[in-house]
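Reading the structure
This is what each chain is made of:
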Amino acid sequence: MANKKNKQKTPQQQQYEQLEKKFETKRPVLKNCIKAFFVGGLICTIGQVISYFYIYFFHFTEQTSGNPTSATVIFFSMLLTGFGIYDRLGQFAGAGSAVPVSGFGNSIISAAIEHRTEGFVLGVGGNIFKLAGSVILFGVFSAFVVALVKTIIMELGGL
Amino acid sequence: MKSKQKIVYFLFILSFLLAGCEKDYSSVSRWALLKTVDPKPIAIGDKENGADQQAVEEIKKETSETDGIYDVAVVKGAKDIIVAYKVEHMHRFKMKSIEKELKDKLKKNFPDEQFTVSSDFKIFLETVRLYDRIEHNQYSEKEANKRVKQIIALKKELT
């Protein structure tokens, strides 16, 4: 496929591509991965500590402590986004800060801040779920599909 | 320099505030989530013949011998016996099969008893706290039995 495309290009285009490659800065993929691994791991460790906090001081079991823990992590990431700290963390760690549930809070608040100038209703209200909306939609829909499949299997007599 | 001083003051005040949250638990349950505490098995209201005590000790021995299990807490109430345990880190992938194996083993060896088996940290913590309070005579037999029922209800909670 790539060769086919290359054949269609003129010699000047190919020459320019080679020249472009020479000056292109290389992405430090391994370094980025390591950074993401450690920052993501750190966020998850904090989450684990919060989970233990809920287990130790409140009436939450290991199974039920997940909900308040993710809510707390999202709340803190929202605060940090508002203060402008999470953006710097995002620049440093990339996917390490976006993939954990804290990235969800970041995506909501950063969209709200970005569209603040367009007004509260059409700007903030209309765009606050611009990024997180798809996550919520797919989450709810896939949960619905899984529940439907499980119900059908259980109704048919279970596994 | 001033911000550093502020942080030191903040930590100093925070340590006092957090110290206020400390409850009067003995050292056994205080560290139950972090390290192996291995509490003695207890049969509530068994002061006359000691048969129940012997049974719970046997239950604890059986449980500890199961592959992947360490740190077992056993408390026998009026009707139910709570068996709470921790699972070794790499064995946590097959937690369900370990629970099933243990349940089958206990049912086979002690057919007359009713068991509540759990690997949940919260159930373990509460069982050790109950053990602590019984040991320090903070609970009457009635209160201890009530607490056993509460722990079993907590185990059944899903949300």
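Just above, that's the structure.
Residues numbered from 1 in each chain as written. Chains lettered and ligands numbered in written order. Predicted model: local features only at pLDDT ≥ 70, side-chain atom pairs only at ≥ 80, totals over all residues. Heavy atoms only, no water.

On to the overall build of chain A, then. A count of helical and extended segments in chain A gives nine helices and zero strands. Along chain A, helices and strands appear, N-terminal first, in the series α-α-α-α-α-α-α-α-α. A compact globule built from 159 residues would reach a C-alpha radius of gyration of about 15 Å, whereas chain A, at 23 Å, exceeds it by more than 25%. The C-alpha extent of chain A, read off along each of the three principal axes, is 70 × 50 × 40 Å. Within chain A, counting contacts between residues at least 6 apart in sequence, those at least 24 apart form 49% of the total. If you sum the accessible surface of chain A, you get close to 12,100 Å²; carbon and sulfur atoms cover 68% of it. Separation of charge centres in chain A, based on 14 positive and 8 negative side chains, amounts to 11 Å. (Helix = DSSP H or I, 4+ residues; strand = E, 2+ residues; numbered from the N terminus. Rg over C-alpha atoms; globule rule 2.2 N^0.38 Å. Contact = heavy atoms within 4.5 Å. Areas by Shrake-Rupley, 256 points an atom, 1.4 Å probe, with all protein chains shown as cover. Lys, Arg positive; Asp, Glu negative; His and termini not counted. Charge placed at Lys NZ, Arg CZ, Asp CG, Glu CD.)

What follows covers the packing of aromatic side chains. Aromatic ring pairs are defined here through the distance separating the ring centres and the angle between the ring planes. Taken as a whole and assessed by the stated rule, the structure comprises 10 aromatic pairs over all chains. Aromatic pair tyrosine 52 of chain A and phenylalanine 121 of chain B: ring centres 5.6 Å apart, planes at 90°, arrangement edge-to-face. Of this pair, tyrosine 52 of chain A sits in helix H3 (residues 29-57) while phenylalanine 121 of chain B sits in helix H5 (residues 121-135), on two different chains. With relative accessibility at 11%, the residue phenylalanine 121 of chain B sits in the buried group. On the numbers, 5.7 Å between centres and 80° between planes, the contact of tyrosine 54 of chain A with phenylalanine 60 of chain A is edge-to-face. By way of ring pairs, the aromatic residues Phe53, Tyr54, Tyr56, Phe57, Phe58 and Phe60 of chain A are connected into one cluster. Lying over the aromatic face of tyrosine 56 of chain A, arginine 129 of chain B brings its terminal NZ or CZ to 4.8 Å of the ring centre. (Phe/Tyr/Trp six-rings, centres within 6.5 Å; stacked < 30°, edge-to-face > 60°. Buried < 20%, exposed > 50% of the residue type's maximum accessible area, 1.4 Å probe, protein only. Lys NZ or Arg CZ within 6 Å of the ring centre and 35° of its normal.)

This part takes up the pattern of salt bridges. The final tally for this structure, using the stated rule, is 10 salt bridges over all chains. Across the pair lysine 9 of chain A and glutamate 17 of chain A runs a salt bridge whose closest N-O atoms are separated by 2.3 Å. Owing to a relative accessible area of 26%, lysine 9 of chain A belongs among the partly exposed residues under this scheme. Residues glutamate 99 of chain B and lysine 103 of chain B are paired through a salt bridge, measuring 3.5 Å at the closest nitrogen-oxygen approach. Linking glutamate 99 of chain B with lysine 103 of chain B, this pair stays in helix H4 (residues 95-109), spanning four residues, or about one helical turn. Connected through salt bridges with shared partners, the residues Lys122, Glu126, Arg129 and Arg147 of chain B form a single ionic network. (Salt bridge = Lys/Arg side-chain N within 4 Å of Asp/Glu carboxyl O.)

Attention now moves to the sheet that holds strand E3 (residues 80-87) of chain B. Residues and elements named next belong to chain B. Spatial ordering of the open sheet is given by E1-E2-E3-E4, a layout of four strands whose pairing is mixed. Of all the strands in the sheet, just strand E1 (42-43) and strand E4 (114-118) have a single pairing partner and so form its edges. In this structure, E1 lies alongside strand E2 (residues 69-76), joined through two bridges in parallel fashion. The residue of E2 that forms the bridge with alanine 43 is lysine 76. Sheet contacts for H5: E1, E2, E3 and E4; angle to E3, the most-contacted strand, approximately 120°. (Pairing = 2+ DSSP bridges. Axes fitted to C-alpha atoms, helices over the stretch in contact; angles between N-to-C directions.)

Let's shift gears to the pairing of E3 of chain B. Residues and elements named next belong to chain B. For E3, the tally of buried residues reaches eight of eight residues, placing the bulk of the element in the interior. The alternating pattern of E3 places Asp80, Ile82, Ala84 and Lys86 and Ile81, Val83, Tyr85 and Val87 on opposite faces, both of which are buried. Hairpin geometry of E2 and E3 is characterised by an intervening segment of three residues between the two adjacent antiparallel strands. The pairing of E3 with E4 spans five bridges and is parallel. Residue alanine 84 lies in a different strand from E4, and its bridge partner there is serine 118. With H4 bridging E3 and its parallel neighbour E4, the resulting β-α-β unit is right-handed. (Right-handed = clockwise from strand over helix to strand, strands pointing away.)

Looking now at the interface of chain B and chain A. In this complex, chain B contributes 17 residues to the contact, which on the side of chain A involves 11 residues. Summing the contributions of chain B and of chain A, the shared interface buries around 1,300 Å²; its carbon and sulfur component is 56%. The largest contributions to the chain B side of the interface with chain A come from Leu33, Phe121 and Lys122 of chain B, which together make up 36% of the buried area. Our enumeration of links across chain B and chain A arrives at one salt bridge. Across the pair glutamate 62 of chain A and arginine 92 of chain B runs a salt bridge, and its minimum N-O distance is 2.9 Å. The set of elements that each furnish at least two residues to the side of chain B that touches chain A consists of helix H2 (27-30), H5 and helix H6 (141-156) of chain B. Ranked by the residues each element gives to the side of chain B that touches chain A, the list is headed by H5 of chain B, at five residues. (Buried area = accessible area lost by both parts, 1.4 Å probe.)

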